[in-house]
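Descriptive analysis of the structure
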Amino acid sequence: MKIKKILIANRSEIAIRIARACREMGIKTVAVYSEIDRNSLHVRYMDEAYFIGASPASESYLRIDKIIKLAKKSGADAIHPGYGFLAENPEFVEECDKNGIIFIGPSRDSMYLLGNKTRARARMKAAGVPIVAGTIEPIKDYELLENEAEKIGYPIMLKAAAGGGGKGIRMVKSQAELKSAFDIATSEAKAAFGDDAVYIEKAIINPRHVEVQIARDNYGNVLWFPERECSIQRRHQKVLEESPSVAIDDNLRKRIGEAAAKAAEAAGYNSVGTVEFLLDEERNFYFLEVNTRLQVEHPVTEMVTGIDLVKLQIEIADNKAIELNQDDIKIQAHAIECRIYAEDPEKNFMPSPGKVVGLRTPGGIGVRNDNGVYEGAIIPLFYDPIIGKLITWGSDREQAIERMKRALSEYLIKGIKTTISFHQKVLNDKDFIEGNISTGFVNRLLETKAEPDRFYYDIAAISAAILSEFNRSRIAIGNTQSGISNWKSLAMKMGLR
Amino acid sequence: MYYVKIGNKEKKIEILEQSGTVFDVELDGKLYRVDFVKAENSYSLIVDGKSYEIDCNIAGNRYDIWIRGNYFPISVLTEAQKRLQLSKKKKGTGGPQIVETEMPGKIVSVKKNKGDTVKKGETVIVLEAMKMQNEILSPKDGTIEEIYVKDAQIVEASEKLFKVK
């Protein structure tokens, strides 16, 4: 193995996930940290750690120059970008190449090709991968757009050619709405991406979001993995994923998997990556985009296949050939991932940074907890709200769901708001249990106000009252039934304890 | 007597008697006998043979309680506090109102100046945290009497943002 030391240009749970694989492989790890992250878990976990700048990402985790400099200084052979930050920035790959550092991800050219929606669509169409009906070339002229929209038929999706992250996307139901949608989308696209070109796709009603993990090495060997179902989203971002999807049978799985492998070949892809598809109500699938990085939700695939995707990614970057065959990839039952965000689900998922004053993590059979925090850790307001991922494995979907409900009931994070209680709601929802889900699921769920267990209500209220009485030093609370001596109880009352 | 509020439901609770770790509690006219003991950061309750582990985080009269992954944000008022709240309510929202932050964040922009007139629901300040922007709106029609923050400032939760009269 050429790679002996890796700089991990990321933070929180994903930095730790990658460092764990490195430790198992005998590879040394180098952490970088911003001002506020000095005491973060990833810094404590890795072998070396270097300061890279002030807390805002633009002054630290996004600084290509500083990261490259530190990689050279620390003698790292390779850089792992994680997800987010610089993970899909072709310029960063170029800088790594120039400085003789291995970038753990695809080649610059492959990333560049797939980073632009219309370029990627054109390439996939040419390769015979099904794409959503719509325009191939980017459009800047309104009249041309109107003609194309008429040909495709409403409703349509208007999207920014250079887009990503849900920005510059609009659904247009009729021609009457087209002009104003065009004006907004082009100005948004110009502001966000510096490019006002748009394109259109036929809108797919109640789609499922299904994606296929792929791996392809420098020698053209390619693997596809069983799909992940990612329809549970808020603000176009996933909150809960599972594998396999209830909507896909063996036959469709093979077809969609082979299409994903074909997409990887067409783009000259050479790393692990994810091909995203939309699945319509008739179970037709359409290419959406390729995520040229390790995905947040990669653990569900690891749980159902037993394959360490980070290890595989590092080996491919190390120029090794993939040793596994497609036949080695088998689905073993079912896995679910719940993303734990520092957000308040009661208040429209408002961010909830702060200090974790208490933490109890779940355990037991079939539970995997990838988290990036510890008791006393600060969740900074500068970065992504994801603080951990809880994954359960079950011999079938029902068991994975029951196990996740059980694990969530054990999971306690005090001091900040999290999505733990929201996940309980999802897992208890009839439509979810029946597998009747689409990308509109979360909005529907938020509209239905589920009443929590009435008796828990009373217990919570009584507890608050007793603790309130205790706080006023009017009563004592003991720690065993046998008792509080009068002396102790007096001491407690006087706050001397 | 305590007034305990969960969501928009309010319950009246009285702690009648304590004997060792056992409390007799009356909740909306119903009696409960609760065995309540503490460990370092959590509590164990046994009520009528049923066992519950609860966790609590206390800040002022705000009690965040967790039971088996269910989360209950609770506010507790004593009788005196409740009376005060009621008399305040009677006076209505005619007086000046101070708007505070609900979450920590960075001030992205201050849209209004001292002395500006605002309508209810108009954006006064934009706050950003974790890559998400939140618009802080005026709670009423009126005049901005004071702005306590400036552009690019980092604010904590429950920090004063502006005063509207």
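The preceding data block contains the structure.
Notes on the structure in this doc start here. (Residues numbered from 1 in each chain as written. Chains lettered and ligands numbered in written order. Predicted model: local features only at pLDDT ≥ 70, side-chain atom pairs only at ≥ 80, totals over all residues. Heavy atoms only, no water.)

**With respect to the overall build of chain A**
What chain A contains, in helices and strands, is 17 helices and 23 strands. Radius of gyration (C-alpha) of chain A: 25 Å, near the 23 Å computed for a compact globule of 497 residues. Principal-axis analysis of the C-alpha atoms gives chain A an extent of 85 × 55 × 45 Å. For chain A, with 497 residues in total, the buried portion stands at 58%. Put simply, 65% of the contacts in chain A that link residues at least 6 apart link residues at least 24 apart. Averaging the locations of the 68 positively and 69 negatively charged side chains of chain A gives two centres separated by 6 Å. (Helix = DSSP H or I, 4+ residues; strand = E, 2+ residues; numbered from the N terminus. Rg over C-alpha atoms; globule rule 2.2 N^0.38 Å. Buried < 20%, exposed > 50% of the residue type's maximum accessible area, 1.4 Å probe, protein only. Contact = heavy atoms within 4.5 Å. Lys, Arg positive; Asp, Glu negative; His and termini not counted. Charge placed at Lys NZ, Arg CZ, Asp CG, Glu CD.)

**Quick look at the nonpolar core**
Core analysis: the largest hydrophobic core is formed by 67 residues, its most contacted members being Ile6, Ile413 and Phe432 of chain A. Both domains that furnish three or more residues to this core are identified here as domain 1 (5-104) and domain 3 (208-447) of chain A. Once you skip the residues sitting within four places of it in the chain, isoleucine 413 of chain A turns out to touch Ile340, Val356, Gly358, Leu359, Ile387, Thr418 and Ile420 of chain A together with Trp66 of chain B. Counting residues in hydrophobic clusters, the runner-up holds 36 residues, among them Tyr457 of chain A together with Val34, Tyr43 and Tyr63 of chain B. (Core = buried A, V, L, I, M, F, W, Y, C linked by side-chain atoms within 4.5 Å. Domains from an automatic or database assignment.)

**Considerations on unusual backbone geometry**
Going from tyrosine 154 of chain A to proline 155 of chain A, the amide bond is cis rather than trans, its omega being -5°. Secondary-structure assignment places proline 155 of chain A in the loop between α7 (142-152) and β6 (156-160). The step from serine 243 of chain A to proline 244 of chain A runs through a cis peptide bond, and the omega angle for that step is -5°. With respect to the secondary-structure elements, proline 244 of chain A resides in the loop between β12 (237-243) and α9 (250-266). Even without being a glycine, asparagine 348 of chain A presents a positive backbone phi close to 55°. Among the residues examined, asparagine 348 of chain A registers a relative accessible area of 55% and is labelled exposed. Phi angles above zero are rare outside glycine, and aspartate 48 of chain B is one such case at about 55°. If you trace the backbone, aspartate 48 of chain B turns up in the loop between β5 (42-47) and β6 (50-59). Given the relative accessible area of 73%, aspartate 48 of chain B is considered exposed.

**A word on the sheet that holds strand β12 (residues 123-129) of chain B**
Working definition: the strands of a sheet are paired by backbone hydrogen bonds and lie parallel or antiparallel to each other. All names here are of chain B. Here we have four strands laid out as an open sheet, ordered β13-β12-β10-β15, and antiparallel in their pairing. Of all strands in the sheet, those with a lone pairing partner are β13 (132-137) and β15 (154-155), marking the two edges. The pairing of strand β10 (residues 105-110) with β15 spans two bridges and is antiparallel. Across the sheet, residue lysine 106 finds its bridge partner in β15, namely isoleucine 154. (Pairing = 2+ DSSP bridges.)

**Thoughts on the sheet that holds strand β9 (residues 97-100) of chain B**
Residues and elements named next belong to chain B. Spatial strand order, β9-β16-β14-β11: four strands in an open sheet with antiparallel pairing. The open sheet has two free edges, formed respectively by β9 and β11 (117-118), since each of these has just one partner strand. Strand direction decides the pairing type here: β9 and strand β16 (residues 160-164), joined by four bridges, are antiparallel. Along β16, the bridge assignment pairs glutamine 97 with valine 164.

**A closer look at the state of the cysteines**
Covalently bonding the sulfur atom of one cysteine to the sulfur atom of another cysteine gives a disulfide. All names here are of chain A. Using the criterion set out here, one finds zero disulfides over all chains in the structure. Distance from the sulfur of cysteine 22, which forms no disulfide, to the nearest cysteine sulfur (cysteine 96) is 15 Å. Classification of cysteine 22 by relative accessible area gives buried; the value is 0%. (Disulfide = S-S within 2.5 Å.)

**What to know about the packing of aromatic side chains**
Residue and element names in this part refer to chain A. One pass over the structure, following the stated rule, counts 15 aromatic pairs over all chains. Aromatic pair tyrosine 61 and tyrosine 383: ring centres 5.5 Å apart, planes at 80°, arrangement edge-to-face. Of this pair, tyrosine 61 sits in the loop between β3 (48-53) and α3 (64-74) while tyrosine 383 sits in the loop between β21 (378-379) and β22 (386-394), and the two are 322 residues apart along the sequence. On the accessibility criterion, tyrosine 383 (2% relative accessible area) is buried. Each residue in the set Tyr61, Phe85, Phe382 and Tyr383 is aromatic and connected to the rest through ring pairs, giving one cluster. When the ring centre of tyrosine 142 is taken as reference, the NZ or CZ atom of lysine 179 above it lies at 5.3 Å. Sitting above the plane of the phenylalanine 432 ring, arginine 397 keeps its charged end 4.8 Å from the centroid. (Phe/Tyr/Trp six-rings, centres within 6.5 Å; stacked < 30°, edge-to-face > 60°. Lys NZ or Arg CZ within 6 Å of the ring centre and 35° of its normal.)

**Some remarks on the environment of lysine 112 of chain B**
All names here are of chain B. Inspection of the secondary structure puts lysine 112 in the loop between β10 and β11. Once the C-alpha coordinates of lysine 112 and isoleucine 125 are considered, the two residues, 13 residues apart in sequence, prove to be 7.5 Å apart. Engagement of the side chain of lysine 112 in a polar contact is seen with the side chain of glutamate 122, the distance being 2.6 Å. (Polar contact = N/O pair within 3.5 Å; in protein donor to acceptor, adjacent residues only side chain to side chain.)

**Here's the deal with the side chain of histidine 42 of chain A**
All names here are of chain A. Of note, histidine 42 is situated in helix α2 (residues 41-45). Looking at histidine 42, the relative accessible area reads 0%, which means it is buried. Ignoring anything within four residues of it in the chain, the contact list for histidine 42 reads Asn10, Arg11, Ser12, Ala15, Ile16, Ala31, Val32, Tyr33, Asp37 and Tyr61.

**A short note on the interface of chain A and chain B**
On the chain B side, the residues contacting the 58 residues of chain A number 59 residues. Buried surface at the junction of chain A and chain B, both sides included, amounts to about 5100 Å², of which 66% is carbon and sulfur. Together, Leu381, Tyr456 and Tyr457 of chain A form the three largest contributors to the area buried by chain A at its contact with chain B, with a combined 13%. Summed over the shared surface of chain A and chain B, the number is five salt bridges. With its nearest N and O atoms 2.1 Å apart, the salt bridge here joins arginine 360 of chain A to aspartate 55 of chain B. (Buried area = accessible area lost by both parts, 1.4 Å probe. Salt bridge = Lys/Arg side-chain N within 4 Å of Asp/Glu carboxyl O.)

**What to know about helix α4 (residues 90-98) of chain A**
Residue and element names in this part refer to chain A. If you check which residues of α4 are buried, you get Pro90, Phe92, Val93 and Cys96. Projected down its long axis, α4 carries its buried residues within an arc of 155°, all on one side. Exposed positions of α4 whose direction lies more than 90 degrees from the buried face are Glu91 and Lys98. Of the residues one or two after α4, glycine 100 is the one with positive phi, at around 70°. (Arc of directions from axis to C-beta.)

**Focus: the pattern of salt bridges**
Close approach of charged atoms allows side chains with opposite charge to pair. Evaluated as defined, the whole model comprises 50 salt bridges over all chains. Where lysine 238 of chain A meets glutamate 297 of chain A, a salt bridge forms, and the shortest distance between an N and an O atom there is 2.9 Å. Here lysine 238 of chain A is found in strand β12, whereas its partner glutamate 297 of chain A is found in the loop between β14 (285-291) and α10 (298-305), with 59 residues between them in sequence. With a relative accessible area of 9%, lysine 238 of chain A lands in the buried category. Put simply, aspartate 55 of chain B and lysine 414 of chain A hold a salt bridge, and the shortest N to O gap is 3.5 Å. With aspartate 55 of chain B in strand β6 and lysine 414 of chain A in strand β23 (residues 412-414), this pair bridges two chains. Salt bridges linked by common partners bring Glu211, Arg228, Lys238, Glu241, Glu276, Glu297, Glu337 and Arg339 of chain A together as one network.

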